[in-house]
Amino acid sequence: MSDGGATAAPTAEELSRAAIARVDPSNQLGDVLALPEHLRDALWRVESAIMQDWDTTAGLVVAGMGGSAIGGALARAAMGDHASRPIFVTRAYGLPPWTTPDTMVLCASYSGETEETLACYESAGALGAKRTVVTTGGRLAEMARADGVPVIPLPGGFQPRAAVAYMIVAALEVAALCGAGPRLTSEIDVAASHIEQLVAEWGPDAPEDSLAKELARGLNGTTPVVAGAGLTSPIAYRWKTQINENAKQPCFSNELPELDHNEISGWEGAASIGRFSAVFLDDSDAHPRVKERMDLTERLIAGNAAASYRLETRGQTAIERVISLVLLGDLVSIYLAALRGVDPGPVHLIDELKAALAQR
Ligand code: F6R
């Protein structure tokens, strides 16, 4: 971890459970800390919901939005080179044009009420594609039950984005069941135990100078720009969306090597516009040239970044490495909310937008 250029103003505020609880009445922190249990519970739920294997030679499409879609993207990253068929994530009103009856479409919506996902469910039916649904209920569950489509039932009471572990496991297991990749059930189980150690290392009971707390302090008062590459690309996006929704502040993400061909130039003027910080998400298995690029990019932008951090995934298996940095980002987003004095739970503008759209 390095601190480049002018340092971000750290606050002296404590990030203990009690201090966070003061701004977090719905206990979003508790949902993040429960990530290992969610992984195990998700395995059990998929197993009890789905009895059959399908062979869909055209691969898997995960259709969802926001906190429900990210599980598909993270699952695809965790599957990595072991994917034997296309795994595609669609965040839109429609399915890719190559969807056929030989495609599995996993419709993921925590609420079961997201209009884009409902539209994809219907398109998949019209195309004769195989369908599976992962949800807590809503219209999506109703339609699936009426159509005899398998439903992976999720526990209620979370913010959709807090159900990320459930969405990752559902996508991984459905990918395996439809022949798009190997079954990773035991790796997920082992990952859950190892992630428990990271919960202790980065959680609220850890010392005030733990990595997660220091990061939150360093990012506070800045607009973070998070960069991933390969396996960490969807994690960078998860950091962005969690910082947006939990800490209620702008945050952006991008990926290497692409950002070295455009975004890097923007940093030339960053310090004259505001306080931007850079976060690079590295992985032990990243392409060696990508690692070189991270070094050089960090060095070249340092003078214009309010702070700069290089973080590495933890763990052996890809699933463990993916979840390690998802956990770190989720914790950082809650700590940032606490430092900013905002309630991480409600997402008023998302709700307001959905309500206004429903009137049209
Ligand atoms: C809210 C959140 C959102 C939702 C999205 C789709 O916590 O993360 O991004 O996930 O608006 O809603 P669902 O997940 O209910 O389909």
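Residues numbered from 1 in each chain as written. Predicted model: local features only at pLDDT ≥ 70, side-chain atom pairs only at ≥ 80, totals over all residues. Heavy atoms only, no water.

K.L.:
I'm lost on the site of the ligand in this one. Help?
P.N.:
With respect to spatial proximity, 13 residues lie near the ligand, and among them Ser 68, Ser 109, Ser 111, Thr 114 and Arg 161 are the closest. Side-chain polar atom of Thr 114 to an oxygen atom of the ligand: 2.5 Å apart, as the coordinates give it. Here Pro 160 contributes a backbone N or O atom positioned 3.5 Å from an oxygen atom of the ligand. In the complex, 93% of the free accessible area of the ligand, which totals 400 Å², lies under the protein chains. Sorting elements by how many residues they give to the shell around the ligand places helix H4 (residues 66-79) first, with 3 residues. Of the residues belonging to the shell around the ligand, the class tally is 3 nonpolar, 7 polar and 3 charged. (Near = heavy atom within 4 Å. Polar contact = N/O pair within 3.5 Å; in protein donor to acceptor, adjacent residues only side chain to side chain. Areas by Shrake-Rupley, 256 points an atom, 1.4 Å probe, with all protein chains shown as cover. Helix = DSSP H or I, 4+ residues; strand = E, 2+ residues; numbered from the N terminus. Nonpolar A, V, L, I, M, F, W, Y, C, P; charged D, E, K, R; others polar.)

K.L.:
Sorry, what's going on with the packing of H4 against helix H14 (residues 318-340) here?
P.N.:
Each pair of packed helices can be described by the angle between their axes along with the distance between the axes. Running from N to C, H4 and H14 point in directions that differ by 140°, and their axes come no closer than 7 Å. Classed by the angle they form, the pair H4 and H14 counts as oblique. As H4 runs across H14, the sense of the crossing is right-handed. Of the residues in H14, those touching H4 at Leu 74, Ala 77 and Ala 78 are Ala 318, Ile 319, Val 322 and Val 326. Among the residues making up the contact of H4 with H14, the classes are represented as 7 nonpolar, no polar and no charged. (Axes fitted to C-alpha atoms, helices over the stretch in contact; angles between N-to-C directions. Parallel < 35°, antiparallel > 145°, perpendicular 65-115°, else oblique. Left-handed = near helix turned anticlockwise from the far one by under 90°. Contact = heavy atoms within 4.5 Å.)

K.L.:
Mind showing me how you'd approach the pattern of salt bridges here?
P.N.:
A side chain with one charge can pair with a side chain of the opposite charge if their charged atoms come near. Under the criterion given, the structure shown has 17 salt bridges. A salt bridge links Asp 55 to Arg 85; its shortest N-O distance comes to 2.8 Å. Taken together, the residues Asp 55 in the loop between helix H3 (35-49) and strand S1 (60-64) and Arg 85 in the loop between H4 and strand S2 (87-90) connect sequence positions 30 residues apart. The shortest N-O distance in the salt bridge between Arg 238 and Asp 330 comes to 2.9 Å. Of this pair, Arg 238 sits in helix H10 (residues 233-247) while Asp 330 sits in helix H14, and the two are 92 residues apart along the sequence. Accessibility classification places Arg 238 together with Asp 330 in one group, the buried group. (Salt bridge = Lys/Arg side-chain N within 4 Å of Asp/Glu carboxyl O. Buried < 20%, exposed > 50% of the residue type's maximum accessible area, 1.4 Å probe, protein only.)

K.L.:
Just to check I follow, could you spell out the environment of Leu 127 for this structure?
P.N.:
Here Leu 127 lies in helix H5 (residues 115-127). A sequence separation of 151 residues divides Leu 127 from Ala 278, and the C-alpha atoms of the two residues are 43 Å apart. For Leu 127, the contacting residues outside a window of four places in its chain are Leu 95, Thr 99, Thr 100 and Pro 101.

K.L.:
I'm lost on the environment of Ala 270 in this one. Help?
P.N.:
With respect to the helices, strands and loops of the structure, Ala 270 is situated in helix H12 (residues 270-273). Taking relative accessible area as the criterion, Ala 270 reaches 5% and is therefore assigned buried. The spacing of Ala 270 and Gly 157 is 113 residues in sequence and 40 Å in space, taken between C-alpha atoms. Here Ala 270 is in contact with Phe 276 and Asn 304, once residues within four sequence places are set aside.

K.L.:
Honestly, the sheet that holds strand S9 (residues 307-312) in this entry has me stumped. Any pointers?
P.N.:
The pairing of strands in a sheet happens through backbone hydrogen bonds and is either parallel or antiparallel. An order of S7-S6-S8-S9 is seen for the 4 strands of this open sheet, with the pairing classed as parallel. If you trace the sheet from one side to the other, it starts and ends with strand S7 (252-255) and S9, each paired once. On average, adjacent strands in this sheet sit at an angle of 20° to one another, irrespective of strand direction. The pairing of strand S8 (residues 276-282) with S9 spans 6 bridges and is classified as parallel. Each residue of the ladder has a partner; that of Phe 280, found in S9, is Arg 310. Taken strand by strand, helix H9 (residues 211-219) contacts strand S6 (223-228), S8 and S9, and its axis lies near 150° from that of S9. (Pairing = 2+ DSSP bridges.)

K.L.:
Please clarify how the pairing of S6 should be interpreted in this entry.
P.N.:
Consecutive side chains along a regular strand alternate between the two faces of the sheet. Most of S6 sits inside the fold, with 6 of its 6 residues counted as buried. With burial as the criterion, each face of S6 is covered, one bearing Thr 223, Val 225 and Ala 227 and the other bearing Pro 224, Val 226 and Gly 228. By the bridge criterion, 5 bridges tie S6 to S8 in an arrangement that is parallel. Each bridged residue has a counterpart across the sheet, and for Ala 227 the counterpart in S8 is Phe 280. The sheet contact formed by S6 and S7 spans 4 bridges and is parallel. The residue of S7 that forms the bridge with Val 226 is Ser 253. In this region the chain leaves S6, passes through H10 and returns to the parallel neighbour S7; the handedness of that crossover is right-handed. (Right-handed = clockwise from strand over helix to strand, strands pointing away.)

K.L.:
How should I be thinking about the nonpolar core in this particular structure?
P.N.:
The nonpolar side chains of a soluble globular protein tend to be buried with one another. Counting 88 residues, the largest nonpolar core has Leu 60, Leu 172, Ile 235, Trp 239, Leu 281, Leu 327 and Leu 328 as the members making the most contacts within it. For this core, the leading source of residues is H14, giving 14 residues. Apart from the residues within four sequence positions on either side, Ile 235 is in contact with Leu 74, Leu 281, Arg 321, Val 322, Leu 325 and Val 326. By size, the runner-up hydrophobic cluster in this structure holds 15 residues, among which are Leu 118, Ala 129, Val 133 and Val 151. (Core = buried A, V, L, I, M, F, W, Y, C linked by side-chain atoms within 4.5 Å.)

K.L.:
Looking at this model, I keep getting lost on the sheet that holds S1. Mind explaining?
P.N.:
If you trace the 5 strands from one edge of the open sheet to the other, you get S2-S1-S3-S4-S5, paired in parallel fashion. Edge positions in the sheet fall to S2 and strand S5 (151-153), since each of these pairs with one other strand and no more. Ignoring strand direction, the axes of neighbouring strands in this sheet form an average angle of 20°. Of the strand pairs in this sheet, strand S4 (residues 130-135) and S5 are connected by 3 bridges, and their pairing is parallel.

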